[in-house]
Amino acid sequence: MTANNERADWWKQAVVYQVYPRSFKDANGDGLGDIAGITSKIGYLKDLGVDALWLSPFYPSELADGGYDVIDYRNVDPRLGTMDDFDAMVDAAHGAGMKVMVDIVPNHTSDRHAMFQEALRAGRGSAARDRYIFREGRGEHGELPPNDWLSLFGGSAWERVDDGQWYLHIFAVQQPDLNWRNPEVHEEFNATFRFWSDHGTDGFRIDVAHGLAKDFHGASLEELGRRYPVHQVMNHDGMHPLWDRDEVHEIYHEWRKVFNEYQPPRFAVGEAWVVPEHQYRYASPDELGQVFNFEFAKADWTADAFRTAIEEGLESAQETHGSTTTWVMNNHDVPRSASRYGLPQVAAANYHQLAKDWILRDGTTYTEDRDLGERRARAAILMEAGLPGSMYVYQGEELGLFEVPDIPWNRLEDPTARFTRGGFTEKGRDGCRVPLPWDAADAPEPADWNAHFGHGASFGFSPARRTGDGAPAAEPHLPQPLWYGRYAVNVEDRDSDSMLGLYRTVLGLRASLFGSADDAVCRMVEAGPDVIAYTRTVADDAKNPGSRLVSMTNFGGTPVEVPGGEVVLSSVPLQDGRLPQDATAWVLVRQ
């Protein structure tokens, strides 16, 4: 067990590895990653140096939205395994000294969930329908939706049912929004938290944490639809009827009581896309405990963008006594950072807009400089890992994987690719969800229909044969490009200079240098407009008495001097003792 995980507040300075189960490792050869596949790679994750695993949804689902359309919150999708498999995975992780977190999706259920099916049968005005958000339509016969809100995944945010009423779905049509004014909804999720806690889960990631509380009482739905677009997520004044409302914090106070029933208390981190000055409320020790700081993930590769992200993250942590900030470069919802950093860095009104346009056109509109993207990604992990708080690593990030923008449209799974919304048209998020490459020797043959992809093997993602019938393994649920072989785990494992080697070194140093999060002191250092520098206290022990770490990242074209001390790590070699462009160095300064 890591020294960090020996503390009850392990989550304050944890390295958390996000597993997207269906794309991590397939143990039975059906083309879908599964729980047994995760268990088989616990040793890999331990060697990487992570403190905790966060599993994206693995529950029964129709996969209308990658598993975030949950049919049963207290079970495992039979295509991914059984509850026994989950318990074995938790035991293996705990045996390796790692914590386990699971994803909870409380804003909406699947339309196949038992509660929603009951609501459909029960009809207008029923108690079952009150668990969701049903409304009458407009028009002479209610044939028009209650207002003109558009779903975040395209098309109307309202769907009509057989008896003529409409239900709200901010996301896919298969994801009806829950009514958190209904006490039975509260009971359902309190039971869910207890169920997974009783099965050994140490913490929870809360999906759409800023969206649960909704208020339609200030005006008519039609008027609210005109005033407040669904896509206007950032709620500065507290007036938006859908996002970041004060009432949501009452829900989290209730959950905290459930978390505190366990020893140590269970931990939660909220996915809350809110303005930085509101983050601290979600991260309160009386509520979830921590909230994602997405400013790192949104930043273009410029000194100004990252400086702002760091300063706002540190300020947010100071506002919430008892919590820490988080640092996130990648997850299952954003284009991979190595590609983002290798594309032209053009400011846009919406973050990642250029990358999304590039993906929409199959990676043909802009030049992706992979050497530059990898160099910047190496610099970014050092800049991130030295900061106080928790850091979240998305599977494949440690391999330096790039986005796969040219997945054929008929192979896409993300619902955003199946709708058009005028100026909001997107190809979706599948390019960062392609199954991982484990073994370069298990190379697929080039497919005739697309020279960029292969067939017949899966770079070790699946076994050669299916369990049970011995037939050849199914194709991965998303196609892997042939260039994946260069980034396979067994290739990078042999190269200490690879991205995998760098991550192992960085995370090992992070664990050895930094003590309790409560002892962390970090301050920004002025080093010029093109340099981000900060100093961080390190563990005060016999090896490093009174020492501090200085992290420097050079975004400019002129190499810069590094402070006197021991250069313990750099993302690329220094040039005559100077830090070149797009590089980070860690310097240990001893008193």
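Preceding this section is the structure that the text describes.
Read on for an overview of the structure.

Conventions used here
- Residues numbered from 1 in each chain as written.
- Predicted model: local features only at pLDDT ≥ 70, side-chain atom pairs only at ≥ 80, totals over all residues.
- Heavy atoms only, no water.
- Helix = DSSP H or I, 4+ residues; strand = E, 2+ residues; numbered from the N terminus.
- Rg over C-alpha atoms; globule rule 2.2 N^0.38 Å.
- Buried < 20%, exposed > 50% of the residue type's maximum accessible area, 1.4 Å probe, protein only.
- Contact = heavy atoms within 4.5 Å.
- Areas by Shrake-Rupley, 256 points an atom, 1.4 Å probe, with all protein chains shown as cover.
- Lys, Arg positive; Asp, Glu negative; His and termini not counted.
- Charge placed at Lys NZ, Arg CZ, Asp CG, Glu CD.
- Expected span 1.5 Å × (residues − 1).
- Arc of directions from axis to C-beta.
- Pairing = 2+ DSSP bridges.
- Right-handed = clockwise from strand over helix to strand, strands pointing away.
- Salt bridge = Lys/Arg side-chain N within 4 Å of Asp/Glu carboxyl O.

## Examining the overall build of the chain
Okay, so step 1: When you go through the chain residue by residue, the secondary structure sums to 15 helices and 20 strands.
Okay, so step 2: A compact globule built from 591 residues should have a C-alpha radius of gyration of about 25 Å, and the chain, at 24 Å, falls within 12% of that.
Okay, so step 3: Principal-axis analysis of the C-alpha atoms gives the chain an extent of 80 × 55 × 45 Å.
Okay, so step 4: In the chain, which comprises 591 residues, the share counted as buried stands at 61%.
Okay, so step 5: Restricting the contact set of the chain to residue pairs at least 6 apart, pairs at least 24 apart contribute 68%.
Okay, so step 6: Counting only carbon and sulfur atoms, one obtains 49% of the accessible surface of the chain, whose full area is about 22000 Å².
Okay, so step 7: Of the side-chain charges in the chain, 56 are positive and 91 negative, and the distance between the mean point of each set is 0 Å.

## What about helix α7 (residues 248-259)?
Okay, so step 1: Under the 1.5 Å per step criterion, the end-to-end length of α7 is 17 Å for twelve residues, consistent within 8% with the ideal 16 Å.
Okay, so step 2: Residues of α7 that are buried include every one of V248, H249, I251, Y252, W255, R256, V258 and F259, and no others. Along the axis of α7, the buried residues cluster in a sector spanning 155°; they form a single face. The exposed residues of α7 that point more than 90 degrees off its buried face are E250 and K257.
Okay, so step 3: On the buried face of α7, the contacting elements are α5 (183-198), β7 (203-206), β8 (267-270), α8 (279-282) and β9 (289-291).

## Here's the deal with helix α12 (residues 353-360)
Each α-helix winds once per 3.6 residues, and so residues spaced three or four apart point in a common direction.
Okay, so step 1: Listed as buried for α12 are L354, A355, W358, I359 and L360.
Okay, so step 2: At its buried positions, α12 is contacted by α11 (337-342).
Okay, so step 3: Looking at the residues trailing α12, positive phi occurs at D362, about 60°.

## Side note on unusual backbone geometry
Okay, so step 1: In this chain, Q263 is followed by P264 through a cis amide linkage whose omega measures -5°.
Okay, so step 2: Within the chain, D362 stands out as a residue other than glycine whose phi angle is a positive 60°.
Okay, so step 3: Along the chain, D362 turns up in the loop between α12 and α13 (370-385).
Okay, so step 4: Among the residues examined, D362 registers a relative accessible area of 30% and is labelled partly exposed.
Okay, so step 5: Even without glycine at this site, F459 takes up a positive phi of about 55°.
Okay, so step 6: Considering the arrangement of structural elements, one finds F459 in the loop between β13 (450-455) and α14 (489-492).
Okay, so step 7: Using a relative accessible area of 2% as the deciding quantity, one classes F459 as buried.

## Some words on the pairing of strand β2 (residues 52-55)
Okay, so step 1: Residues A52 and W54 point to one face of β2 and L53 and L55 to the other, with burial holding for every one of them.
Okay, so step 2: When strand β1 (residues 15-19) meets β2, the two strands line up parallel, connected through four bridges. The residue bridging V19 from the neighbouring strand is L55, located in β2.
Okay, so step 3: Pairing of β2 with strand β3 (residues 99-104), which is carried by four bridges, proceeds in the parallel orientation. From the neighbouring strand, L55 faces β3, where its bridge partner is V102.
Okay, so step 4: A crossover links β2 with its parallel partner β3, the connecting element being helix α3 (residues 83-95), and its sense is right-handed.

## So, the sheet that holds strand β4 (residues 134-135)
Okay, so step 1: With antiparallel pairing, the three strands of this open sheet are ordered in space as β4-β6-β5. The outermost strands of the open sheet, each flanked by one partner alone, are β4 and β5 (158-160).
Okay, so step 2: Note that β4 and strand β6 (residues 166-168) share two bridges and pair antiparallel. Within β6, the position partnered with R135 by the bridge is W166.

## Topic: the pattern of salt bridges
Okay, so step 1: For the coordinates displayed, the defined rule picks out 37 salt bridges.
Okay, so step 2: Across the salt bridge formed by R194 and E261, the nearest N and O atoms sit 2.8 Å from each other. With a gap of 67 residues between them, R194 in helix α5 and E261 in the loop between α7 and β8 connect regions that are remote in the sequence.
Okay, so step 3: Taking relative accessible area as the criterion, E261 reaches 45% and is therefore assigned partly exposed.
Okay, so step 4: A salt bridge links R370 to E368, with the nearest nitrogen and oxygen atoms 3.2 Å apart.
Okay, so step 5: Residues participating in the shared-partner salt-bridge network are R138, D148, E222, E223, R226 and R227.

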